[in-house]
Amino acid sequence: EACRVRLGVGKAMSTSGDREAHNILQLLEQEGKAILQDPTGLLKSYVKEWQTDLIERVVPFWLNHSLDKKNGGYYTALDEDGSIYDTDKYLWLQGREVFTFSKLVNTFCEGGMPLKTINQWAQAAKIGAEALDKALGNVPGVKDPRIYFSATEDWKLLHYQRKPYATVFYSLGCLEYSSMIQSVNKLQ
């Protein structure tokens, strides 16, 4: 009900924007009911659309704009045209990108994708995975090296954070990359 009030639904529609918001809300309500009645049916209808968008638009964008082939890792602060607006490297994003490229290889390596595409994804994962350890550094008063939260473009460590985000995504990236190596070896 709060959404209806904020969007102006149920009130007199004074602008085309209000009518559009009303139509969107009605559509969401209908689809929400359909999901509750048949959760797998409606979601399955979206899978092909989402997969196509991922493979044909999202992944090529990151392949074309984010790889740092000089220093390793990825540029993650990109404008929608692919231009880089910040060269600092945030480790949670580095780990996520290693995870994503590795997961793509693991998901599609046994069918449905050309080997050339699989190799592009595997190479992109490797560029990031080989750079992840550059984020390890000594923290004053701590015996073992720690994973830093951020680094410069050429991997000078910038900021250590005690929150787990960088460590979690570093670990997930490494685990999925390890699994990807096994998948790639099976292809050969």
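Higher on the page you've got the structure.
Presented here is a report on the structure given in the accompanying data block.

Parameters and conventions
- Residues numbered from 1 in each chain as written.
- Predicted model: local features only at pLDDT ≥ 70, side-chain atom pairs only at ≥ 80, totals over all residues.
- Heavy atoms only, no water.
- Phe/Tyr/Trp six-rings, centres within 6.5 Å; stacked < 30°, edge-to-face > 60°.
- Buried < 20%, exposed > 50% of the residue type's maximum accessible area, 1.4 Å probe, protein only.
- Helix = DSSP H or I, 4+ residues; strand = E, 2+ residues; numbered from the N terminus.
- Lys NZ or Arg CZ within 6 Å of the ring centre and 35° of its normal.
- Axes fitted to C-alpha atoms, helices over the stretch in contact; angles between N-to-C directions.
- Parallel < 35°, antiparallel > 145°, perpendicular 65-115°, else oblique.
- Left-handed = near helix turned anticlockwise from the far one by under 90°.
- Contact = heavy atoms within 4.5 Å.
- Nonpolar A, V, L, I, M, F, W, Y, C, P; charged D, E, K, R; others polar.

Right, let's talk about the packing of aromatic side chains for a bit. What the rule picks out here adds up to six aromatic pairs. Taken together, a centroid distance of 5.5 Å and an interplanar angle of 85° make the contact between F61 and W62 edge-to-face. The class for F61 is partly exposed, based on a relative accessible area of 21%. Consider the rings of W92 and F169, whose centres lie 6.2 Å apart with planes at 50°: the pair is tilted. Taken as a pair, W92 in helix 4 (residues 91–108) and F169 in helix 6 (residues 165–187) lie far apart in primary sequence, 77 residues in all. A cation sits over an aromatic face here: K89 above Y75, 5.5 Å from the ring centre. For the cation-ring pair, R96 lies above F169, with the distance from its terminal atom to the ring centre recorded as 5.2 Å.

Bringing the packing of helix 4 against helix 6 into the picture now. To characterise two packed helices, one gives the angle between the axes of the helices and the distance between these axes. Two elements in contact, helix 4 and helix 6, have axes whose closest approach is 7 Å; the angle formed by their N-to-C orientations is 25°. As summarised for this structure, helix 4 and helix 6 are arranged roughly parallel, according to the angle between their axes. Both helix 4 and helix 6 take part in a crossing whose hand is left-handed. Contact residues: helix 4 offers L91, W92, G95, R96, V98, F99, S102, K103, V105 and N106, while helix 6 offers Y165, A166, F169, Y170, L172, G173, E176, Y177, S179, M180, S183 and V184. The residue makeup of the contact of helix 4 with helix 6, split by class, is 13 nonpolar, six polar and three charged.

Interaxial distance between helix 4 and helix 5 (residues 115–132) falls to 8 Å at its minimum, and their mutual angle equals 150°. Relative to helix 5, helix 4 is oriented roughly antiparallel. You can see that helix 4 and helix 5 cross each other, and the crossing is left-handed. Every residue of helix 5 that contacts helix 4 at L91, Q94, G95, V98, F101, S102, L104, V105 and F108 is listed here: I118, W121, A122, A124, A125, G128, A129 and L132.

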